[in-house]
Amino acid sequence: MEDSPLQVLTVPTAPYPDQRPGPGGLRKKVHVFQSRRNYLHNYVQSVFSSMDLRERQGSTMVLGGDGRYFNRTAIGVIVQMAAANGVGRMVIGHHGVMSTPAVSCVIRKYKAIGGIILTASHNPGGPDGDFGLKFNTANGGPAQEAIANRIFQISRTLEEFAICPGLRVDLTTLGKQTFDLENKFKPFTVEIIDSLESYANMLRNIFDFAALKELLSGENHIKIILDAMHGAVGPYVKRILCEELGCPANSAINCVPLEDFGGQPPDPNPTHAADLLDTMKEGHYDFGAAFDGDGDRNMILGGHGFFVHPSDSVAIMAANIFCIPYFQLTGVRGFARSMPTSAALDKVAAASKIELHETPTGGQFFGNLMDAGRLSLCGEESFGTGSDHIREKDGLWAVLAWLSILASRRQSVEDIMRDHWLTYGRNYYTRYDYEDVDLDAACEMMEDLEIMMVDKSFAGQRFAVGDKVYRVERADNFEYTDPINSSISRNQGLRIIFTDGSRIIYRLSGSGSAGATVQIYIDSYEKDPPQIFQDPQVMLASLVTIALKMSRLHERTSRSGPSVIT
């Protein structure tokens, strides 16, 4: 306890016009937070002001981040402002680091009013990288669009913020720290926790750890390698997979969180996790996985570098869902995927007669369905998979789900995937990302595409490449009406759906911090067995050609090709 009460100040400020949070919160370059006066303070105050004052007073909030550069500085400011805004207790991860799934878990465990996650997900870190803040609500999930809009509207007119500048928190020592504040009847409490144990205990109640331990360290164990990419999930991987389930210590690599993620984007895809992919291709391991900066995304690999596309990964989990004890107890309430994700999950849902939801990109849409008891398993093509155990996607949960399937079926990853395609058919799928594109050029392209698509003559048009001919069945700008609260989300991506079920989707991503990322998604179903085991890029080449020609993307953006192909 401090010797004398700490002063609470109200500081004048001027608003910024660009603090609109996207699906992943507010993301900007680090230098924006460092160079613009009170930029961080303004946004944090807008978050606190978006909450009802009566609910905020004396409440508990959770705070943690992926360990990227500026993480500790931001935590210091947020704690000072939380105290000044009437929050009663802040629960913070040890050293300020906590994975996004763990934050969701801890919010729910402590019955907190919400939490702030300091992350820019898979985006680069370091002084020249990105930084972000995401507000999660009491259910442990990302704020709904209405709350995000309220935060943005407050930020546009903000005139002052409250702060307790003399408050200093020790992030290195576990336990409680209390502070007396002037004009406050109760002390402000900070609790530094080991989030690993809370999170691990949750997973013990979901999976059969004895079966997993036998798979990973028993007499006939498989060999695995997991790459944490120097993000927040590293310590969780070490604690759970190595210390508890018996994997050798060298099974977990890049597990020390670093402010710059070792100089590479913490993005678990074949491009940015190329070292892991190369290691898997050598044939020494049966299973591999990588995680992003904050631990909500995952990439799954089989022996010899067999790549499991995220759209297929969630379909595999759905088809084998009762290999996970949790679902044996709870049953299955529904499946969901984001609109750009391939329709592989749809085939499993139809065969099992389980309700399927197609949502916009963003975890908040899954959370609503889960809270209403209508969703058990969800996935996105952007390497995110999750279930209703928390309200965030969960990379480590996804890895344990796959390992549970391996333990039950005693087949290789590739054999499980090939059996699945023979049973359900295969959705060939690819995504082309064009990063840091001029925003005006990208928006103009999207506007011209939509004008072309909504013309009545567009439906029925034929597009031919070689001997391949595709006829347009319908086209739209995806719009979603939430079945729980009837809210409407518009302009979620341009869809062209052909008569054979193939899809071309154009979307501007909101996950970057600068410029625009144009994403083109191609999805095409094949059920003829001789055609199932082909190269996706070969099978989809005609549709890719049509998509690029239709949009004139390369000419409009002065690009010769995509930044990343998934």
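Attention in this report is confined to the structure presented alongside it. The shown structure was predicted, so the numbers you read here are calculated from the model rather than taken from an experiment.

Describing the packing of aromatic side chains
Consideration 1: This structure, assessed with the given rule, holds 15 aromatic pairs.
Consideration 2: Centroid distance Phe307 to Phe383: 6.3 Å. Interplanar angle 45°. Geometry classified as tilted. Of the two residues, Phe307 sits in strand β14 (residues 306–308) while Phe383 sits in the loop between β17 (377–380) and β18 (384–387), which places them 76 residues apart along the sequence.
Consideration 3: Classification of Phe307 as partly exposed rests on a relative accessible area of 27%.
Consideration 4: Among the residues examined, Phe383 registers a relative accessible area of 4% and is labelled buried.
Consideration 5: Aromatic side chains Phe365 and Tyr480 sit 5.7 Å apart centroid to centroid with 85° between the ring planes, which places their arrangement in the edge-to-face category. With a gap of 115 residues between them, Phe365 in helix α14 (residues 363–371) and Tyr480 in strand β22 (residues 480–481) connect regions that are remote in the sequence. The same class applies to Phe365 as to Tyr480, namely buried.
Consideration 6: The residue whose ring lies beneath Lys347 is Tyr525, and the NZ or CZ to ring-centre distance is 4.3 Å.

Comments concerning the side chain of Glu392
Consideration 1: Looking at where Glu392 falls in the secondary structure, it is placed in the loop between β18 and α15 (395–409).
Consideration 2: Overall, the relative accessible area of 6% leaves Glu392 in the buried class.
Consideration 3: A polar contact of 2.8 Å, which involves the side chain of Glu392, links it to the side chain of Asn136.
Consideration 4: Excluding residues that lie within four positions of it along the chain, Glu392 makes contacts with Thr100, Ser104, Ile117, Lys134, Asn136, Gly140, Pro142, Asp296 and Gly386.

Let's talk about the packing of α15 against helix α16 (residues 413–424)
Consideration 1: One way to put it is that α15 packs onto α16 with a least axis distance of 10 Å and a crossing angle of 85°. With respect to their mutual orientation, α15 and α16 come out roughly perpendicular. Residues Trp402, Ile405, Leu406 and Arg409 of α15 form the contact with α16, whose participating residues are Val413, Ile416 and Asp419.

As for helix α17 (residues 439–454)
Consideration 1: Counted at 1.5 Å a residue, the expected span for α17 with its 16 residues is 22 Å, and the 23 Å between its end C-alpha atoms agrees.
Consideration 2: Burial in α17 covers these residues: Ala441, Ala442, Met445, Met446, Leu449 and Met453. One face of α17 carries all of its buried residues, which in axial projection span an arc of 135°. Within α17, the exposed residues directed more than 90 degrees away from the buried face are Asp440, Glu447, Ile451 and Val454.

Brief notes about the side chain of His41
Consideration 1: Checked against the element boundaries, His41 lands in helix α2 (residues 39–49).
Consideration 2: Among residues more than four places away in sequence, those in contact with His41 are Val77, Met81, Phe161 and Ile163.

Re unusual backbone geometry
Consideration 1: Backbone geometry places Lys111, a non-glycine residue, at a positive phi of 55°.
Consideration 2: Even without being a glycine, Ser486 presents a positive backbone phi close to 65°.
Consideration 3: Given a relative accessible area of 54%, Ser486 falls into the exposed group.

Definitions and limits used
Residues numbered from 1 in each chain as written. Predicted model: local features only at pLDDT ≥ 70, side-chain atom pairs only at ≥ 80, totals over all residues. Heavy atoms only, no water. Phe/Tyr/Trp six-rings, centres within 6.5 Å; stacked < 30°, edge-to-face > 60°. Helix = DSSP H or I, 4+ residues; strand = E, 2+ residues; numbered from the N terminus. Buried < 20%, exposed > 50% of the residue type's maximum accessible area, 1.4 Å probe, protein only. Lys NZ or Arg CZ within 6 Å of the ring centre and 35° of its normal. Polar contact = N/O pair within 3.5 Å; in protein donor to acceptor, adjacent residues only side chain to side chain. Contact = heavy atoms within 4.5 Å. Axes fitted to C-alpha atoms, helices over the stretch in contact; angles between N-to-C directions. Parallel < 35°, antiparallel > 145°, perpendicular 65-115°, else oblique. Expected span 1.5 Å × (residues − 1). Arc of directions from axis to C-beta.

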